[in-house]
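# Examination of the molecular architecture
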Amino acid sequence: MTTMTTLREQLWSDLDVEATLDAPIGALTWYEAGGRAEVLILPRTIESLQVLCRRCCEQGIAVRTLGSGANLIVDDAGVNGVVVRLSRGAFQATAWPQETAGGLAHIGAGADLMSLVQESARRGLAGLSQLAGIPASLGGAVRMNAGGSFGDTAQSIHTIELLTPVGEICIIPKVDLGFAYRTCNLPAGIVLAATVALAATDPVKVRAHVKEVFEYKSRTQPMSDRSAGCMFKNPIDPSTGQRQSAGRLIDLAGMKGTTLRSAFVSERHGNFIGLHAGGSTNDVLALALAVQQRVLDHAGIRLEREVVVWSQRGEDS
Ligand SMILES: Cc1cc2nc3c(=O)[nH]c(=O)nc-3n(C[C@H](O)[C@H](O)[C@H](O)COP(=O)(O)OP(=O)(O)OC[C@H]3O[C@@H](n4cnc5c(N)ncnc54)[C@H](O)[C@@H]3O)c2cc1C
């Protein structure tokens, strides 16, 4: 352990970062459960992150990015390698459009999406209100193309800045990101920032839309449970070609309210798997498998997991 720690400290000891060894990253997710990372690094500058990524790449050390942890399960056994979180310095900065007619905002990928929605509404800028109530960092929202009944992240994005695993920065226009339902073709690397298209409008109208979206979410989803939002993607119904509600399929399969040790299927929304305080993410994963099997048996449909799982085997989504 001493040798490994010494070796790994050489990765960041001369960089402008905060580092925590054996970091309890599971506790930083919305499940507030799960294992630890060998090291959690909070870079303060883009240059430090570039050098870190380059060194990790040269030494074959895995680098993962933790956003707000709202779509993530960390396996109880934890993960090897480096976990980066963009919660410091430049990664949180926002440059709002100067023009009164709106324009492009340049936003650090670590910025909190809910705060961005509120602040854009306060400024009378339309373009993010469809995302009200979704817990995320901007980088995580891009990676997952977060959204819902009112729209998704893709419709706001103009470009992203990506740091490649070898430490190079490239700007990728939206058209090259292949945004689709709850996904995009993000190349390997870390989203550093995005430009978001915002239009000036009546602040009262934007605030009313934010309120409408937020109230709809609060009414239909168990927002205060420990969860990662919807566990499964809404599958395509072959008879209509349209997506159908995974929550409804879970409900019809009789799984609403089912418990497995510390994990439970929400009574409010069948696609949310909650966890009691002090519970285990292994229980969540076991219950998700049981739900998947029951829906397959009942409806002949294999649900695809939306939530990302980190384990010693890597990232699985
Ligand atoms: C109560 C609740 C309600 C929710 N409601 C919704 C909803 O309505 N609609 C919806 O779509 N989702 C919803 N979710 C899920 C979640 O909010 C979204 O998936 C969100 O986009 C996750 O962002 P995050 O920053 O938390 O990412 P994380 O969970 O931290 O990470 C998710 C993935 O994104 C990657 N990632 C994070 N940041 C970066 C980055 N900078 N660069 C590259 N990769 C990165 C991670 O490595 C990981 O693979 C909900 C979750 C909860 C807990």
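Rules and cut-offs
- Residues numbered from 1 in each chain as written.
- Predicted model: local features only at pLDDT ≥ 70, side-chain atom pairs only at ≥ 80, totals over all residues.
- Heavy atoms only, no water.
- Salt bridge = Lys/Arg side-chain N within 4 Å of Asp/Glu carboxyl O.
- Helix = DSSP H or I, 4+ residues; strand = E, 2+ residues; numbered from the N terminus.
- Buried < 20%, exposed > 50% of the residue type's maximum accessible area, 1.4 Å probe, protein only.
- Pairing = 2+ DSSP bridges.
- Axes fitted to C-alpha atoms, helices over the stretch in contact; angles between N-to-C directions.
- Contact = heavy atoms within 4.5 Å.
- Polar contact = N/O pair within 3.5 Å; in protein donor to acceptor, adjacent residues only side chain to side chain.
- Core = buried A, V, L, I, M, F, W, Y, C linked by side-chain atoms within 4.5 Å.
- Domains from an automatic or database assignment.
- Buried area = accessible area lost by both parts, 1.4 Å probe.
- Phe/Tyr/Trp six-rings, centres within 6.5 Å; stacked < 30°, edge-to-face > 60°.

## Description of the pattern of salt bridges
- Going through the model one piece at a time under the given rule, you end up with 13 salt bridges.
- Here Arg-226 ties to Glu-32 by a salt bridge, and the two come within 3.1 Å at their closest N and O atoms. Here the residue Arg-226 occupies a position in the loop between α5 (203–220) and α6 (246–252), and Glu-32 occupies one in the loop between β1 (17–23) and β2 (37–43), the gap between them amounting to 194 residues.
- For Glu-119, the salt bridge is made with Arg-123, and the minimal N-O distance between the two is 2.8 Å.
- Arg-123 gets classed as partly exposed once you look at its relative accessible area, which sits at 39%.

## Focus: the sheet that holds strand β18 (residues 314–316)
- Strand order across the open sheet formed by three strands is β4-β17-β18, with mixed pairing between neighbours. Both edges of this open sheet fall to β4 (72–74) and β18, since each of them pairs with a single strand only. In this sheet, adjacent strand axes meet at a mean angle of 20 degrees when their direction is disregarded.

## Side note on the environment of Ser-262
- For Ser-262, the position within the fold is in the loop between β14 (259–260) and β15 (263–265).
- Sequence separation of Ser-262 and Pro-165 is 97 residues, and the distance between their C-alpha atoms is 37 Å.
- Aside from chain neighbours lying at most four places away, what touches Ser-262 is Gly-274, Leu-275, His-276, Gly-279, Ser-280 and Asp-283.
- Of the polar contacts made by the side chain of Ser-262, one reaches the side chain of Asp-283; its length is 2.5 Å.

## Thoughts on the nonpolar core
- Trp-12, Leu-49, Leu-52, Val-82, Leu-113 and Ile-160 are the most contacted members of the largest nonpolar core, which totals 52 residues.
- For this core, the element with the highest residue contribution is strand β13 (residues 190–200), accounting for six residues.
- Looking at this core, you find at least three residues from each of domain 1 (2–89) and domain 2 (93–220).
- Not counting residues up to four positions away in its chain, the partners in contact with Val-82 are Leu-11, Val-39, Ile-41, Leu-52, Cys-56, Ile-61, Ala-62, Val-63 and Arg-64.

## Some words on the domain arrangement of the protein
- Entries for the protein in the domain assignment read domain 1 (2–89), domain 2 (93–220) and domain 3 (246–316).
- Each of domain 2 and domain 3 was reduced to a C-alpha centroid, and the two centroids are 28 Å apart.
- Each partner contributes to the roughly 430 Å² buried at the junction of domain 2 and domain 3, and carbon and sulfur atoms together form 43% of this total.
- When the area that domain 2 buries against domain 3 is broken down by residue, the three leading residues are Arg-143, Met-144 and Thr-220, summing to 64%.
- In this assembly, domain 2 and domain 3 are joined by one salt bridge.
- In this structure, Arg-143 engages Glu-315 in a salt bridge whose closest nitrogen and oxygen atoms are separated by 2.9 Å.
- Here domain 2 is connected to domain 3 by two residue pairs in polar contact (both at pLDDT 80 or more).
- Put simply, the parts of the chain that give the side of domain 2 that touches domain 3 at least two residues each are α4 (138–144) and α5.
- Examining the composition of the side of domain 2 that touches domain 3, we find that three residues originate from one element, α5, more than from any other.

## Let's talk about the side chain of Asn-71
- Inspection of the secondary structure assignment puts Asn-71 in the loop between β3 (63–66) and β4.
- When its relative accessible area of 16% is taken as the criterion, Asn-71 is described as buried.
- For Asn-71, the side chain forms a polar contact with the main-chain oxygen of Glu-306, separated by 3.3 Å.
- With residues near it in sequence (within four places) discarded, Asn-71 still touches Met-144, Ala-228, Glu-306, Val-307 and Val-308.

## A word on the packing of aromatic side chains
- This model, assessed by the stated rule, comprises one aromatic pair.
- Look at Phe-150 and Tyr-216: their rings are 5.5 Å apart centre to centre, the planes differ by 70 degrees, and that puts the pair in the edge-to-face class. Here Phe-150 is found in the loop between β9 (147–148) and β10 (151–152), whereas its partner Tyr-216 is found in helix α5, with 66 residues between them in sequence.
- In this structure Phe-150 comes out as partly exposed when scored by relative accessible area, which is 28%.

## Let's talk about the pairing of strand β17 (residues 308–311)
- Side-chain alternation along β17 places Val-308 and Trp-310 on one buried face and Val-309 and Ser-311 on a second face that is also buried.
- The pairing of β4 with β17 spans three bridges and is classified as parallel. When the bridges of β17 are listed, Val-74 appears paired with Trp-310.
- Summarising the sheet, β17 and β18 pair through three bridges and their orientation is antiparallel. When the bridges of β18 are listed, Val-309 appears paired with Asp-316.
- Counting the residues between successive antiparallel strands, the hairpin from β17 to β18 contains two residues.

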